[in-house]
Amino acid sequence: YFEAARSCLERHGGTVEKFIGDAVMAAFGVPVVHEDDALRALRAAVELRDALATLNEELERAYGVTLQLRTGVNTGEVVTGTRERLVTGDAVNLAARLEQAAEPGEILIGERTHRLTHGAIEAETTGPLTLKGKTEPQTAFRLLRIGEGSELVERLLDAPLVGRRSELARVRSAFDEAVSTRRCRMLTVLGPPGIGKSRLARELTAVVDGEASVLTGRCLPYGEGITYWPMIEIFRAAGAEDELETALLAGAPDEIFWSVRKSLEQRARERPLALVVEDIHWAEPTLLDLAEHLGDWTRDAPVLLLCLARPELLDERPAWGGESMMLEPLSQVESEELIENLLGGTALDDDARARIRETAEGNPLFVEQLLAMLADGGDPGHVPPTIHALLEARLDALPEAERHVLECASVIGQDFEWEALGELSPDRRRPSGTRLAALVRNELIQPHDAIADTFSFRHALIRDAAYGRLPKELRSDLHERFAHWLDRRGDGFEEIVGYHLEQAYRWLAELGPPDDHALHLAELAAARLASSGRRANARGDEPAAANLFERAAVLLSPDHPDRLAVLPLLGRALRDTSQMGRAETVLVEAVERARGTGDDVVAATASLALADLRLHATKLTRQETLAEVEAAMRAFGEHGDEAGLARALAFRGRLRFWGGAFAEALEDLEEGAMHARNAGDRYQEVECLQYVIAVTFFGATPVPEALVRVENIRSRVEGNRRLDMAVLNGLAQLRSMCGDFEAARDAVRRSSALVEGGNEVTLYFQLSLAAGRIELLAGDGIAAERELRPACERLDAMGEHGYLASAVPQLLEALYVQGSIDDALALSERWQADRLTAPEDIDAQVGWRAVRAKLLAHQGRFGEAEALAREADALCAGTEDLELHARALADLAVVLRLAGRPHDSRAALEEALRLHERKGNVPAAARARLRLDEL
């Protein structure tokens with residue numbers, strides 16, 4: 001029986017390990033991968049089980065005993081070529097555990113094996129299995145049967161055809177020519193797996209419906225006696241198996257060809273024939289000879305011979321006869337149509353659709369498999385195992401030299417230069433043009449559209465499959481060599497150099513404890529990534545900066561001095577991208593480690609950022625924060641750290657600005673910008689200038705003069721997104737004060753385009769608040785609420801209470817304008833300024849009290865309302881924010897008017913008008929005059 005088992009397993013493509021006791025292990029896909037290895041293994045398992053049933057009948061009759069067979073099948077990554085065993089790894093261990101858990105006669109299969117073969121088998125889940133050596137219950141399936149004629153993957157044959165109109169017209173034209181000339185017309189459709197060759201052939205039946213007999217045969221990738229298998233299927237479908245059997249008995253190929261052709265000619269004379277032969281890239285040479293014989297010698301008989309093949313057919317058969325056409329990927333529009341057809345009305349969000357389109361790159365099979373994986377709860381950004389198996393098998397079938405080119409190219413990326421391939425080859429010579437041309441012809445790579453001597457992978461998944469084949473140690477070596485090659489070129493690819501050094505280190509680290517060389521790689525990578533992070537910071541790209549700083553920090557040991565220097569930068573970037581909890585954790589660690597090592601500058605830098613974060617989260621008072629700032633300034637001054645002084649002055653300037661001391665704030669901010677410029681710290685210079693714009697807008701500077709100052713600030717730092725946004729927001733609000741709301745909204749739209757998804761809390765808040773203020777000044781409460789309510793909810797959710805406290809009064813005002821008094825009052829209870837921010841946060845404290853006073857007055861609570869309004873007015877006494885004071889007075893006037901005191905109301909409103917006119921706020925002044933007229 002063991003010898004029979006060996007024969008069966010090897011017949012299906014398995015490699016059999018030596019027998020151990022009563023156990024047999026076979027590996028499929030070793031040493032050569034096939035796209036249907038999982039299905040081959042299941043077929044072998046079923047055949048073994050069925051053969052044992054027959055053997056047991058004989059054993060029981062002769063000896064009164066029977067044998068029992070239990071089988072486990074699993075799929076995964078293994079280590080092969082070891083001295084001790086054929087293959088080892090977790091996938092092997094799980095297969096053994098499945099075999100042990102199986103009942104006699106059962107075949108249990110792992111989850112990945114099931115995903116690879118689910119279109120070709122029937123199976124039922126066993127429920128979670130508790131297996132030895134596994135901490136979590138494992139999902140397994142009980143194999144019931146293998147379907148007849150099923151494929152490894154479904155080919156989208158039932159979905160409506162998308163695109164392919166010109167290709168279908170070409171097939172129809174070939175058929176018409178075969179009928180009109182009464183000859184055999186051979187047309188070969190070429191394309192990579194999944195591109196839609198079978199789907200196009202299926203449509204042939206509809207195209208020639210009623211005009212011809214359509215017969216199909218498929219070449220098999222393995223098996224015994226498969227040379228003429230497609231003809232067996234074709235003749236069987238025609239009910240002429242006896243004719244083919246007679247032809248095959250002729251012996252010599254020439255005689256067989258003649259007999260097959262004569263039989264087909266006879267049938268075609270009765271009714272035109274359309275013969276479809278699929279997967280002829282797997283055909284034996286003799287079958288290819290037969291196909292060409294039919295194309296060349298068929299006479300007085302209309303036959304269309306439609307052959308479907310992958311491009312590699314032309315490597316084996318360069319002079320392949322007939323006409324050929326290549327199927328190209330679907331367009332973006334066609335891919336979207338296909339997704340819609342396959343969904344059948346099921347909802348799918350835009351992000352998932354986009355990821356599927358990007359990953360599939362126009363391959364219909366990939367679209368279908370990604371959707372199927374998504375339906376099973378998977379991530380459409382990952383590669384389904386069915387697709388992975390297809391691509392891995394294609395690569396394994398390539399000549400070694402071509403496969404090596406693809407593997408080296410995969411390290412470089414989706415696009416790669418011919419010269420770079422030479423750097424990664426063992427002999428330091430770039431591959432021949434002939435070799436690259438073969439890969440282009442096989443639809444694996446393509447010349448770059450615009451850059452000479454540069455190529456791209458035809459599909460990103462091909463690149464992933466090639467990369468996945470590389471051993472980890474070789475991956476590391478190739479990444480390192482490519483990084484040094486890029487570095488020598490000096491083209492400014494610092495972030496890319498950092499990435500490749502990072503990968504070189506990571507793959508070595510996965511093989512065991514890092515040695516000195518690996519640690520050196522980590523230091524080099526961290527230095528490049530941190531430098532790239534600083535540049536991202538300078539241009540205002542905070543998400544990129546956070547990513548780069550974090551990757552740099554992770555590469556280094558906890559006490560490494562370079563990591564300590566990166567931590568404050570990382571903390572600030574995390575805060576700016578709304579990751580408050582992580583930012584605080586990083587900054588606390590930075591402070592503690594810096595103080596522990598005596599690094600006063602890093603400790604002061606981290607303390608400043610931590611104080612800023614905690615102030616906004618109401619964990620620190622303004623006085624406590626100022627104490628942290630003064631301590632940091634002393635440390636920076638002692639060490640002559642201009643960059644640190646710039647950060648401290650900027651923070652103190654912000655604190656003074658929030659407290660209404662605009663002149664002192666402006667002095668700190670301009671001095672901070674000077675120190676930042678001297679230190680080459682563009683990030684800090686931009687932050688100072690952002691607040692200079694805010695001081696200019698909120699302070700006593702008249703609007704015409706403020707517009708000139710903000711325009712001048714734009715030119716002080718070129719190409720910074722944060723400053724560009726601050727300038728646009730400032731100009732938008734100043735233009736709205738001029739009454740030019742069209743220009744104001746246009747500036748907001750341009751600013752909005754720079755937010756990049758709203759991940760940076762500062763930029764998002766500033767934009768939303770600017771847009772809300774403009775709509776309030778325009779008198780459109782609905783539009784203002786639309787801008788402000790989502791911002792408030794988001795700020796609340798992330799715990800950013802400092803910014804929330806400034807936004808809430810604007811939202812309350814938007815609701816008040818609409819007459820939503822109860823809703824506004826409820827929100828004023830939920831978001832009370834005293835609970836959200838420090839007492840010194842003047843704009844928040846004044847704004848909340850002033851609006852809530854109006855709301856209370858509308859409910860007849862005049863005493864409480866006037867007290868709040870008077871508080872707001874008193875808080876403005878020490879501020880230079882003319883508009884804040886004017887709004888507080890206008891709101892006090894509303895309270896007094898509702899309380900039946902028009903004379904007092906008029907006095908408050910006249911003072912508000914004077915302040916609006918002093919600032920140059922045209923719409924607000926006009927509104928105040930109108931209310932005075934009403935009084």
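So, how was this worked out
- Residues numbered from 1 in each chain as written.
- Predicted model: local features only at pLDDT ≥ 70, side-chain atom pairs only at ≥ 80, totals over all residues.
- Heavy atoms only, no water.
- Helix = DSSP H or I, 4+ residues; strand = E, 2+ residues; numbered from the N terminus.
- Rg over C-alpha atoms; globule rule 2.2 N^0.38 Å.
- Contact = heavy atoms within 4.5 Å.
- Areas by Shrake-Rupley, 256 points an atom, 1.4 Å probe, with all protein chains shown as cover.
- Lys, Arg positive; Asp, Glu negative; His and termini not counted.
- Charge placed at Lys NZ, Arg CZ, Asp CG, Glu CD.
- Patch = residues over 30% accessible without salt bridge, like charges linked within 9 Å, V, L, I, M, F, W, Y side chains within 5 Å.
- Salt bridge = Lys/Arg side-chain N within 4 Å of Asp/Glu carboxyl O.
- Phe/Tyr/Trp six-rings, centres within 6.5 Å; stacked < 30°, edge-to-face > 60°.
- Lys NZ or Arg CZ within 6 Å of the ring centre and 35° of its normal.
- Disulfide = S-S within 2.5 Å.
- Pairing = 2+ DSSP bridges.
- Axes fitted to C-alpha atoms, helices over the stretch in contact; angles between N-to-C directions.
- 1 Å grid on protein atoms, 1.4 Å probe; cavity = no way out; pocket = protein on both sides within 12 Å on 5 of 7 lines; lining within 4 Å.
- Points joined across faces, edges and corners; volume = space filled by probe spheres on them.
- Nonpolar A, V, L, I, M, F, W, Y, C, P; charged D, E, K, R; others polar.
- Core = buried A, V, L, I, M, F, W, Y, C linked by side-chain atoms within 4.5 Å.
- Buried < 20%, exposed > 50% of the residue type's maximum accessible area, 1.4 Å probe, protein only.
- pLDDT = per-residue confidence, 0-100.
- Expected span 1.5 Å × (residues − 1).
- Polar contact = N/O pair within 3.5 Å; in protein donor to acceptor, adjacent residues only side chain to side chain.
- Parallel < 35°, antiparallel > 145°, perpendicular 65-115°, else oblique.
- Left-handed = near helix turned anticlockwise from the far one by under 90°.

1. Here's the deal with the overall build of the chain
When its secondary structure is counted, the chain shows 43 helices and 16 strands. Taking 935 residues into account, the globule formula puts the C-alpha radius of gyration at 30 Å, and the chain, at 37 Å, lies well above it. In terms of overall dimensions, the chain has a C-alpha envelope of 120 × 65 × 65 Å along the principal axes. Put simply, 67% of the contacts in the chain that link residues at least 6 apart link residues at least 24 apart. Carbon and sulfur atoms make up 50% of the accessible area of the chain, which amounts to about 40,600 Å² in all. Distance between charge centres in the chain, computed from 108 positive and 156 negative side chains, equals 2 Å.

2. Thoughts on a nonpolar patch on the surface
There is a patch of nonpolar side chains on the surface, built from Y1, F2, V24 and L67 and spanning about 310 Å² of accessible area. For L67, the location among the structural elements is in the loop between α2 (37-63) and β3 (71-73).

3. Structural notes on the packing of aromatic side chains
Any aromatic ring pair is given by two values, namely how distant the centres are and how the planes are angled relative to each other. This structure, assessed with the given rule, holds 10 aromatic pairs. Taken together, F657, F662, Y691, F697 and F698 form an aromatic cluster joined through their ring pairs. If you follow R430 out to its NZ or CZ, it ends over the ring of W418, 3.9 Å from the centre. Note that K854 overlies the ring of Y816, its terminal NZ or CZ placed 4.0 Å from the centroid.

4. Brief notes about the state of the cysteines
Cysteine pairs can be linked by a disulfide, which is a covalent bond between their two sulfur atoms. Counted under the stated rule, the structure contains 0 disulfides. As a non-bridged cysteine, C219 has C307 as the owner of its nearest cysteine sulfur, 8.5 Å distant.

5. Considering unusual backbone geometry
Leaving glycine out, the prevailing phi sign among residues is negative, and the prevailing peptide bond configuration is trans. For R164, which is not glycine, the phi torsion reads 65 degrees and is therefore positive. With respect to the helices and strands, the residue R164 is situated in the loop between β8 (140-146) and α5 (165-181).

6. Observations concerning the environment of R70
Along the chain, the position of R70 falls in the loop between α2 and β3. A sequence separation of 327 residues divides R70 from A397, and the C-alpha atoms of the two residues are 33 Å apart. If we skip the residues at most four places from it in the chain, R70 touches E99, Q100, A102, E103, P104 and E106.

7. A few points about the sheet that holds strand β14 (residues 415-417)
Pairing within the open sheet is antiparallel, and its 3 strands lie in the order β14-β16-β15. Two strands in the sheet have a free side with no partner beyond their single neighbour: β14 and β15 (445-447). Strand-to-strand, the axes of this sheet are offset by a mean angle of 30 degrees, without reference to chain direction. Across 3 bridges, β15 lies against strand β16 (residues 454-457) in antiparallel orientation. In the strand pairing of β16, I445 is matched with F457.

8. Concerning empty space enclosed by the protein
Under the defined criterion, the tally for this structure stands at 6 cavities of 30 Å³ or more. Space inside the largest cavity adds up to approximately 640 Å³. F657, W658, Y691, F698 and F765 are, among the 35 residues lining the largest cavity, the residues nearest its centre. For the lining of the largest cavity, the secondary-structure elements that each account for two or more residues are α26 (600-616), α28 (642-658), α30 (682-698), α32 (721-737), α34 (761-777), α36 (801-818) and α39 (842-858). By residue number, the principal contributor to the lining of the largest cavity is α30, which donates 6 residues. Across the lining of the largest cavity, the residue classes break down as 18 nonpolar, 11 polar and 6 charged. Computed from the structure, the second largest cavity encloses a volume of approximately 370 Å³. Looking at the second largest cavity, it is lined by 26 residues, and the ones nearest its centre are R575, D612, R654, Y683 and E687.

9. Considering the nonpolar core
Residues F636, F657, L723, L734, V808 and W831 are the most contacted members of the largest nonpolar core, which totals 113 residues. For V808, the contacting residues outside a window of four places in its chain are C792, W831, L836 and W848. Within the second largest apolar cluster, 85 residues are counted, among which are I339, F482, Y505 and A525.

10. Regarding the confidence of the model for the chain
Mean pLDDT over the chain: 87, with 95% of residues reaching 70 or higher. Every residue in residues 149-157 scores below 50 in pLDDT, and together they form 31 contacts with partners more than four places removed in sequence or on other chains.

11. A look at helix α35 (residues 781-797)
Look at α35: 24 Å from first C-alpha to last across 17 residues, which is about the 24 Å you get at 1.5 Å a residue. Along α35, the residues classified as buried are G781, A783, A784, E785, L788, A791, C792 and L795. N-cap assignment for α35: the residue whose side-chain oxygen lies 3.3 Å from the backbone N of I782 is D780. Of the residues one or two after α35, G799 is the one with positive phi, at around 75 degrees.

12. Remarks on the sheet that holds strand β10 (residues 213-218)
Strand order in the open sheet formed by 5 strands is β10-β11-β12-β9-β13, and the pairing between neighbours is parallel. Of all the strands in the sheet, the pair left with one neighbour each is β10 and β13 (323-326). Each neighbouring strand pair of the sheet contributes to a mean axis angle of 20 degrees, computed without reference to strand direction. Note that strand β9 (residues 184-190) and β13 share 4 bridges and pair parallel. If you follow L190 over to β13, its bridge partner there is M326.

13. As for the side chain of E106
Note that E106 resides in the loop between α3 (90-101) and β6 (107-110). The contacts of E106, once residues within four sequence positions are left out, are L69, R70, T71 and R142.

14. Focus on the packing of helix α27 (residues 622-638) against α28
Packed helices, taken two at a time, are described by their axes: the angle between them and the distance between them. Relative to each other, α27 and α28 sit at 160 degrees, their axes nearing to 9 Å. When the axis of α27 is compared with that of α28, the two are roughly antiparallel. As α27 packs across α28, the resulting crossing turns out to be left-handed. Here α27 contributes R622, T625, L626, V629, E630, M633, F636 and G637 to the contact with α28, which in turn contributes G644, L645, R647, A648, L649, F651, R652, L655 and R656.

15. Observations regarding the pattern of salt bridges
Scanning all chains against the criterion turns up 79 salt bridges. Its salt-bridge partner being E99, residue R70 comes within 3.5 Å of it at the nearest N-O pair. Taken together, the positions of R70 in the loop between α2 and β3 and E99 in helix α3 put the pair 29 residues apart, joining distant regions of the chain. Taking the relative accessible area as the measure of exposure, E99 reaches 24% and is therefore partly exposed. Between E775 and R745 there is a salt bridge, with the nearest N and O atoms lying 2.9 Å from each other. Taken together, the positions of E775 in helix α34 and R745 in helix α33 (residues 741-752) put the pair 30 residues apart, joining distant regions of the chain.

16. Things to note about the pairing of β9
Burial within β9 is extensive, with 7 of its 7 residues counted as buried. In β9, alternate side chains face the same way, and those of C184, M186, T188 and L190 on one face and R185, L187 and V189 on the other are all buried. Bridge count for β9 against strand β12 (residues 303-309) is 7 bridges, and the pairing is parallel. Its bridge partner lying in β12, L187 is registered against L306.

17. Focus on the environment of P311
Structurally, P311 can be placed in the loop between β12 and α11 (313-316). Classification of P311 by relative accessible area gives buried; the value is 0%. Each C-alpha atom of the pair P311 and P193 lies 9.6 Å from the other, and the pair is 118 residues apart in sequence.

18. Regarding helix α41 (residues 882-898)
Helix length check: α41 (17 residues) gives 25 Å between terminal C-alpha atoms against 24 Å at 1.5 Å per residue, within 8%. Within α41, 14 of the 17 residues are buried, leaving the element largely enclosed by the surrounding structure. N-cap assignment for α41: the residue whose side-chain oxygen lies 3.3 Å from the backbone N of E883 is D881. Positive phi shows up at G900, right after α41, with a value of about 80 degrees.

19. Looking at the packing of helix α12 (residues 332-343) against helix α13 (residues 350-360)
One can describe the packing of α12 onto α13 by two numbers: an axis separation of 10 Å at closest approach and a directional angle of 120 degrees. In terms of their interaxial angle, α12 and α13 are classed as oblique. Considering how the two elements wind past one another, α12 and α13 form a crossing that is right-handed. Here α12 contributes Q332, S335, E336, I339, E340 and L343 to the contact with α13, which in turn contributes R353, I356 and R357.

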